Amino acid sequence: MAAKGATEMEVGGDGVAVITICNPPVNSLSIDVLLSLKESYEEALQRKDVKAIVVTGKGGKFSGGFDISSFGDLHSGKIEQPKVGYISIDILTELLEGATKPSVAAIDGLCLGGGLEVSMACHARISTPTAQLGLPELQLGIIPGFGGTQRLPRLVGLTKSLEMMLLSKPIKGEEAHQLGLVDSLVSPNDLVNTARRWALDICELRKPWIKSLYKTDKLEPLGEAREILKFARAQARKQAANLEHPLICIDVIEEGIVSGPRAGLWKEANAFQGLLFSDTCKSLLHVFFSQRATSKVPGATDLGLMPRKITKVAILGGGLMGSGIATAMILSNYPVLLKEVNEKFLNAGIDRIKANLQSRVRKGKMTEERYEKALSLLSGALGYEKFKEVDLVIEAVIENVKLKQQIFADLEKYCPSHCILATNTSTIDLNLIGEKTKSQDRIVGAHFFSPAHVMPLLEIVRTQHTSAQVVVDLLDVGKRIKKTPIVVGNCTGFAVNRMFFPYTQSALLFVDYGMDVYKIDRACTKFGMPMGPFRLADLVGFGVAVATGMQYLENFPERVYKSMLIPIMMEDKRSGEASRKGFYKYEDKRKATPDPEIMTYIQKSRSMAGVTPDAELMKLSDKDIVEMVFFPVINEACRVLDEGIAVKASDLDIASIFGMGFPPYRGGVMLWGDSIGAKYIHGKLAEWAKRYGSFFEPCSYLAERAAKGIPLSAPAASQVKARL
């Protein structure tokens, strides 16, 4: 058994040295593994009994790519950075590709990032049909750094290689074979033996000895290549306006085509080095590790509990949320019982689920056969008779306390004693919902975000009564339905909605004080949000905005800005996108167009607030507007953390990205706050509190961090004993 993070080599009687990458679970390429690969290669090249080499991975996986945990060690200086070009040029190009003995990669399972780059430096590739091959480095704010930008275009052509790199889009072995990225497809059982024979065939000149770095037959003529690259640049600027690494990736590819592959390799090596230490890379690495850390929950996942098997799920309410949750469940093979109050509502709910699935079929994400199978898992009910068979119920009815209390009292009566009783409420205190039951240990929040079958976040809300077993069970369900779950404490708005309620409120306040609605939205989208606060209010609908606003007014009266703008607009039957008129007008489908008519409502709101527009606000830059909208969000996030509603700051970063669309390349709301500094944020909020009122008052957590120079995300004692 090889030590963790090494390669092992075995030479057969046929003269083939099989070098196996061993670094479980995905055979990632740490610096140690790469140095061990180099040593194994050097030994194979020196040995007289070795004619050819096969490179493969242990346990059915070639390699998941460079070891991401090493990035943090490189950033902190814990491990020394190899000199520029050492891996891509000295090891992979000179030693592997330039070897005097041929090598073949035997690929199964994952062959991603550095793993694919190692395989492309071999002289042929044999793969299983289901292996996954790709270069997903751009997701981490870097570019392929081991020669991938040069070899992939030469193996599959420029257009396909750009798509694979810029969209981080892996392909299956079957497609890789059609494209010429792999030379032959075989079953996992024949993989290594076929690769051995292929290597010997190259050695004996029965098969071509190909160095992919110097292939040119797949490259388009220079003029055509330049047009493809120009189009790719325009797309990258449009899709990711604030990111430089996609454009750097295109420049590096172009260098190889225009100046030759060796020049391309050097440009790639230098660019990789620069990007590795960029803020974008650090932010995206933070997101990568934070997303994996959300499933570690003190007082739940550290008790040795195993998740129980959930075999049947019931969902109450077939509206937008209920049908979305049902869709997510049947897509992950959970049988679902959908309950509604009458036949008409039940049929409407089932139709919504069908429409969600049909949309996937239309987009090519789902076959007709898969559609039929998913739909066969759905059944409907008007009463509670069948609830005795379910293990999990998710209530998704309107936000009405009395109605929810009645439902939970009924559920306690009809469901088995082990059944988890979950609510999808977005704001109501769970203790209030379960007030009329004796089963408070199995009442939990399962808060999905709309549309529930698309949005990746699941907020699991535990009260002081919720059992750890129920939390562990829901974490498992979350994982199975491909959501990123965060576990939070119980309060009005929980973590995500509570943290972001100031997003729209500060924007409304500044509109009363003279700022332009559309300028605020533009500044927020330029910053990287999918939509600004006013476009978001239109999408959610004003009815929801007013109902949730009332919850905050009731619970946090001292820090709510009570704008009259939305209620005034609602009086005039303007209620957002659904009514085709809100802050924007919607004449054709979902296309939002600014509406000059809203000035009438704004002037009325200003006079009701008794506010005189502030001339200074009209001159603010986009950066100032972003700070005015987001600093109150950071302030509220600090309160959520201080009260132990969130276990750790990184959970709030993930919540802000996956729940509200905060730009991931900024690392989430808390990391972004730390990049600015508590002192600066505190100073600005204190200044605005004097000028515009208590809505901006900095909380004590923020004040303390600003005074002591402590990062916002550093854990505090109160967070360790989270309020359960």
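Residues numbered from 1 in each chain as written. Predicted model: local features only at pLDDT ≥ 70, side-chain atom pairs only at ≥ 80, totals over all residues. Heavy atoms only, no water.

If you look the protein chain up in an unreviewed UniProt entry, it shows as 3-hydroxyacyl-CoA dehydrogenase from Triticum urartu. Entered under Pathway (unreviewed entry) in the UniProt record, the comment concerning the protein chain runs "Lipid metabolism; fatty acid beta-oxidation." (UniProt positions renumbered as here; feature names shortened; annotations may be inferred.)

Enquirer: Sorry, what's going on with the overall build of the protein chain here?
Expert: Secondary structure assignment for the protein chain yields 31 helices and 19 strands. Radius of gyration (C-alpha) of the protein chain: 29 Å, near the 27 Å computed for a compact globule of 724 residues. Considered along the principal axes of its C-alpha atoms, the protein chain spans approximately 85 × 65 × 55 Å. The 724 residues of the protein chain split such that 57% are buried. Counting every atom, the protein chain has about 30200 Å² of accessible surface; 55% of that belongs to carbon and sulfur. (Helix = DSSP H or I, 4+ residues; strand = E, 2+ residues; numbered from the N terminus. Rg over C-alpha atoms; globule rule 2.2 N^0.38 Å. Buried < 20%, exposed > 50% of the residue type's maximum accessible area, 1.4 Å probe, protein only. Areas by Shrake-Rupley, 256 points an atom, 1.4 Å probe, with all protein chains shown as cover.)

Enquirer: I would appreciate a short explanation of the pattern of salt bridges in the present structure.
Expert: A pair can form between side chains of opposite charge whenever their charged atoms are brought close. Summed over all chains, the structure comprises 39 salt bridges. The partner of Glu-8 in a salt bridge is Lys-58, with the nearest N and O atoms 3.4 Å apart. Placement of the pair is Glu-8 in strand β1 (residues 6–11) and Lys-58 in the loop between β3 (52–57) and α2 (69–76), with a sequence separation of 50 residues. Judged by relative accessible area, which is 35%, Lys-58 ranks as partly exposed. Residues Glu-577 and Arg-535 are paired through a salt bridge, measuring 3.0 Å at the closest nitrogen-oxygen approach. (Salt bridge = Lys/Arg side-chain N within 4 Å of Asp/Glu carboxyl O.)

Enquirer: Even after reading the chapter, I still don't get the packing of helix α27 (residues 649–660) against helix α28 (residues 669–676), so can you show me in this structure?
Expert: Angle between the axes and distance between the axes: these two values describe a pair of packed helices. The N-to-C vectors of α27 and α28 enclose an angle of 110 degrees; their axes lie 6 Å apart at closest approach. If you check the angle between α27 and α28, you find them roughly perpendicular. Taking contact as the criterion, the partners of Ala-649, Leu-652, Asp-653 and Ser-656 in α27 are, on α28, Val-669, Met-670 and Leu-671. (Axes fitted to C-alpha atoms, helices over the stretch in contact; angles between N-to-C directions. Parallel < 35°, antiparallel > 145°, perpendicular 65-115°, else oblique. Contact = heavy atoms within 4.5 Å.)

Enquirer: Can you walk me through a nonpolar patch on the surface in this structure?
Expert: Together, Leu-539, Val-540 and Val-544 make up an exposed nonpolar region whose accessible area comes to about 220 Å². Within the secondary structure layout, Val-540 lies in helix α21 (residues 533–540). (Patch = residues over 30% accessible without salt bridge, like charges linked within 9 Å, V, L, I, M, F, W, Y side chains within 5 Å.)

Enquirer: Please clarify how the UniProt feature "domain: 3-hydroxyacyl-CoA dehydrogenase NAD binding" (unreviewed entry) in the protein chain should be interpreted in this entry.
Expert: The UniProt feature table records "domain: 3-hydroxyacyl-CoA dehydrogenase NAD binding" (unreviewed entry) at residues 312–490. Secondary structure across residues 312–490 comprises 40% helix and 21% strand; the distance between its end C-alpha atoms is 26 Å.

Enquirer: Looking at this model, I keep getting lost on empty space enclosed by the protein. Mind explaining?
Expert: A water-sized probe, rolled over the atoms, reveals where empty space remains. In the structure shown here, the tally under the stated rule is three cavities of 30 Å³ or more. Taken as a whole, the largest cavity spans an internal volume of roughly 190 Å³. As for the largest cavity, its lining consists of 18 residues, of which Gln-81, Ile-87, Phe-146, Phe-272 and Gln-273 are closest to the centre. The set of elements that each furnish at least two residues to the lining of the largest cavity consists of α2, α3 (86–97) and α11 (261–276). Among the elements that line the lining of the largest cavity, the one with the most residues is α11, at four residues. (1 Å grid on protein atoms, 1.4 Å probe; cavity = no way out; pocket = protein on both sides within 12 Å on 5 of 7 lines; lining within 4 Å. Points joined across faces, edges and corners; volume = space filled by probe spheres on them.)

Enquirer: For this particular structure, what's the right way to read the sheet that holds strand β7 (residues 132–134)?
Expert: Across a sheet, strands are paired by hydrogen bonds formed along the backbone, either parallel or antiparallel in direction. Pairing is mixed across the open sheet formed by three strands, whose spatial order is β5-β7-β8. Each edge of the open sheet carries a strand with a single partner, namely β5 (110–112) and β8 (171–172). The sheet contact formed by β7 and β8 spans two bridges and is antiparallel. Residue pairing in the sheet places Leu-133 in a bridge with Ile-171 of β8. Helix α4 (residues 114–121) contacts β5 and β7 of the sheet and is inclined by roughly 85 degrees relative to β5. (Pairing = 2+ DSSP bridges.)

Enquirer: Hey, could you run me through the packing of helix α1 (residues 31–46) against α3 in this one?
Expert: Where α1 meets α3, the axes come as close as 11 Å, and the angle between the chain directions of the two elements is 20 degrees. Classified by the angle their axes make, α1 and α3 are roughly parallel. In this structure, α1 crosses over α3, and the sense of that crossing is left-handed. Every residue of α3 that contacts α1 at Leu-34, Leu-35, Leu-37, Lys-38, Tyr-41, Glu-42 and Leu-45 is listed here: Tyr-86, Ile-87, Ile-91, Leu-95 and Leu-96. Here the residues of the contact of α1 with α3 are counted per class, giving ten nonpolar, no polar and two charged. (Left-handed = near helix turned anticlockwise from the far one by under 90°. Nonpolar A, V, L, I, M, F, W, Y, C, P; charged D, E, K, R; others polar.)

Enquirer: Can you help me understand the sheet that holds strand β17 (residues 484–489) in this one?
Expert: The sheet built from eight strands is open, its strands ordered β12-β11-β10-β13-β14-β15-β16-β17 with mixed pairing. Each edge of the open sheet is held by one strand with a lone partner, namely β12 (378–381) and β17. Across the sheet, the mean angle from the axis of one strand to that of its neighbour is 25 degrees, orientation sign disregarded. Bridge count between strand β10 (residues 313–316) and strand β11 (residues 336–339): four bridges; the pairing is parallel. Each bridged residue has a counterpart across the sheet, and for Leu-316 the counterpart in β11 is Lys-339.

Enquirer: Help me out: how do you make sense of the UniProt feature "domain: 3-hydroxyacyl-CoA dehydrogenase C-terminal" (unreviewed entry) in the protein chain in this one?
Expert: Following the UniProt record, the feature "domain: 3-hydroxyacyl-CoA dehydrogenase C-terminal" (unreviewed entry) maps to residues 493–586 here. This span, residues 493–586, is 61% helix and 2% strand, and a straight line between its end C-alpha atoms measures 29 Å.

Enquirer: Help me understand the packing of aromatic side chains, please; the structure alone is not making it clear to me.
Expert: Here a ring pair, both rings aromatic, is described through the centre-centre distance and the interplanar angle of the planes. The full count for this structure, using the stated rule, is 28 aromatic pairs. Ring centres 5.3 Å apart and planes at 35 degrees place the aromatic pair Tyr-503 and Phe-630 in the tilted group. Remark: Phe-630 occurs in helix α26 (residues 622–642) and Tyr-503 occurs in helix α19 (residues 496–512); sequence separation between them is 127 residues. We classify Tyr-503 as buried; its relative accessible area is 1%. (Phe/Tyr/Trp six-rings, centres within 6.5 Å; stacked < 30°, edge-to-face > 60°.)

Enquirer: Help me understand the nonpolar core in this model?
Expert: What tends to happen in soluble globular proteins is that the nonpolar side chains get buried as a cluster. Grouped together as the largest cluster of nonpolar side chains are 85 residues, with contacts concentrated most on Phe-583 and Phe-630. The element best represented in this core is α26, accounting for twelve residues. Excluding its chain neighbours within four sequence positions, the residues that come into contact with Phe-583 are Leu-508, Val-517, Tyr-518, Phe-534, Ala-537, Asp-538, Phe-542, Leu-565, Ile-566, Met-569, Asp-595 and Ile-598. (Core = buried A, V, L, I, M, F, W, Y, C linked by side-chain atoms within 4.5 Å.)

Enquirer: Help me understand helix α29 (residues 678–692) in this model?
Expert: What sets the pattern is the α-helix's 3.6 residues per turn: residues three or four places apart point alike. For α29, with 15 residues, the first-to-last C-alpha span of 20 Å sits near the 21 Å given by 1.5 Å per residue. Ala-678, Ile-681, Leu-685, Trp-688, Ala-689 and Tyr-692 are the residues of α29 that are buried. Seen from one end, α29 has its buried residues packed into an arc of 110 degrees, which puts them on one side. Looking at α29, the residues exposed on the side facing more than 90 degrees away from the buried face are Lys-679 and Lys-690. Of the surrounding elements, those touching the buried residues of α29 are α19, α25 (615–618), α26, α28 and α30 (700–708). Positioned one or two residues after α29, Gly-693 has a phi angle of 110 degrees, which is positive. (Expected span 1.5 Å × (residues − 1). Arc of directions from axis to C-beta.)

Enquirer: Explain the environment of Lys-282 to me, please; I cannot follow it from the model alone.
Expert: Following the sequence through the fold, Lys-282 ends up in helix α12 (residues 279–293). Each C-alpha atom, one on Lys-282 and one on Gly-72, is 8.3 Å from the other, the two residues being 210 residues apart in sequence. Sequence-distant contacts of Lys-282, defined by excluding residues within four places in its chain, comprise His-75 and Phe-277.

Enquirer: Help me out: how do you make sense of the confidence of the model for the protein chain in this one?
Expert: Where the model shows low pLDDT, its predicted coordinates should not be examined in detail. The predicted model of the protein chain averages 94 in pLDDT, with 98% of residues at 70 or higher. Across residues 718–724, where pLDDT falls below 50, the model places 18 contacts with residues more than four positions away in sequence or in other chains. (pLDDT = per-residue confidence, 0-100.)

Enquirer: Just to check I follow, could you spell out unusual backbone geometry for this structure?
Expert: Across residues other than glycine, the phi torsion is negative in most instances, and most of the peptide bonds are trans. The omega torsion of the bond from Pro-24 to Pro-25 falls at 5 degrees, within 30 degrees of zero and hence cis. Inspection of the secondary structure assignment puts Pro-25 in the loop between β2 (16–22) and α1. Between Ser-450 and Pro-451 the backbone carries a cis peptide bond, its omega angle lying at -10 degrees. Mapping Pro-451 onto the fold places it in the loop between β15 (443–448) and β16 (457–462).

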